[in-house]
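Each chain, written out:
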Amino acid sequence: MKGNITVTEQALAAIVGLAAHEVPGVVGMSPVGIRDGLSRILGRSEASQGVVIKADPAKPGSYQADLYVVVAFGVKVPTVVEGIAERAEWAAEKLAGVKLERVHVHVVGVSRG
């Protein structure tokens, strides 16, 4: 194939957010501006709103991801966070061809369901 493929930061955020939803123990994403509080747990259709993707200007093609998640009550949070980070890195690389240099997972809430 000739030409370039460009994956926008918004598209990458959607891929990463949907991948995070697949991890057992994740209830959903939370809005990045936590001012909305936990009254809004974002579903799969809004998953990208709980993800911030930043390009690294020093390394073209490298990105950092911040994910804001709500986990289920009773799960081992470190295990869930590790699963989210691994799944996000895998999805970015395998589905979008993008390398995530860093993944920061922010657990902003716990929910029973």
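Residues numbered from 1 in each chain as written. Predicted model: local features only at pLDDT ≥ 70, side-chain atom pairs only at ≥ 80, totals over all residues. Heavy atoms only, no water.

- The chain appears in an unreviewed UniProt entry as Alkaline shock family protein YloU from Oceanithermus desulfurans.
- Among the UniProt annotations of the chain, the heading Sequence similarities (unreviewed entry) holds the following wording: "Belongs to the asp23 family." (UniProt positions renumbered as here; feature names shortened; annotations may be inferred.)

### Quick notes on a negative patch on the surface
(1) Moving on: On the surface, a cluster of negative charge is contributed by Glu82, Glu86, Glu89 and Glu93.
(2) Moving on: Examined against the element boundaries, Glu89 turns out to sit in helix 2 (residues 77–96).
(3) Moving on: Its relative accessible area of 36% is what places Glu89 among the partly exposed residues. (Patch = residues over 30% accessible without salt bridge, like charges linked within 9 Å, V, L, I, M, F, W, Y side chains within 5 Å. Areas by Shrake-Rupley, 256 points an atom, 1.4 Å probe, with all protein chains shown as cover. Salt bridge = Lys/Arg side-chain N within 4 Å of Asp/Glu carboxyl O. Lys, Arg positive; Asp, Glu negative; His and termini not counted. Charge placed at Lys NZ, Arg CZ, Asp CG, Glu CD. Helix = DSSP H or I, 4+ residues; strand = E, 2+ residues; numbered from the N terminus. Buried < 20%, exposed > 50% of the residue type's maximum accessible area, 1.4 Å probe, protein only.)

### Regarding the side chain of Asp66
(1) Moving on: Mapping Asp66 onto the fold places it in strand 3 (residues 62–72).
(2) Moving on: An unpaired buried charge is present at Asp66: no salt bridge exists, and Lys54, the closest side chain of opposite charge, is 4.2 Å distant.
(3) Moving on: Among the polar contacts made by the side chain of Asp66, one reaches the side chain of His106 at a distance of 2.8 Å.
(4) Moving on: Those residues in contact with Asp66 that lie beyond four places of it in its chain are Gly50, Val51, Val52, Lys54, His104 and His106. (Polar contact = N/O pair within 3.5 Å; in protein donor to acceptor, adjacent residues only side chain to side chain. Contact = heavy atoms within 4.5 Å.)

### Here's the deal with helix 1 (residues 9–21)
(1) Moving on: Taking 1.5 Å per residue, 13 residues should reach 18 Å; helix 1 reaches 18 Å between its end C-alpha atoms and fits that length.
(2) Moving on: Inspection of helix 1 places Leu12, Ala13, Val16, Gly17, Ala19, Ala20 and His21 among the buried residues, and these make up the whole buried set.
(3) Moving on: Of the surrounding elements, those touching the buried residues of helix 1 are strand 1 (26–29), strand 2 (51–55), strand 3, helix 2 and strand 4 (99–111). (Expected span 1.5 Å × (residues − 1).)

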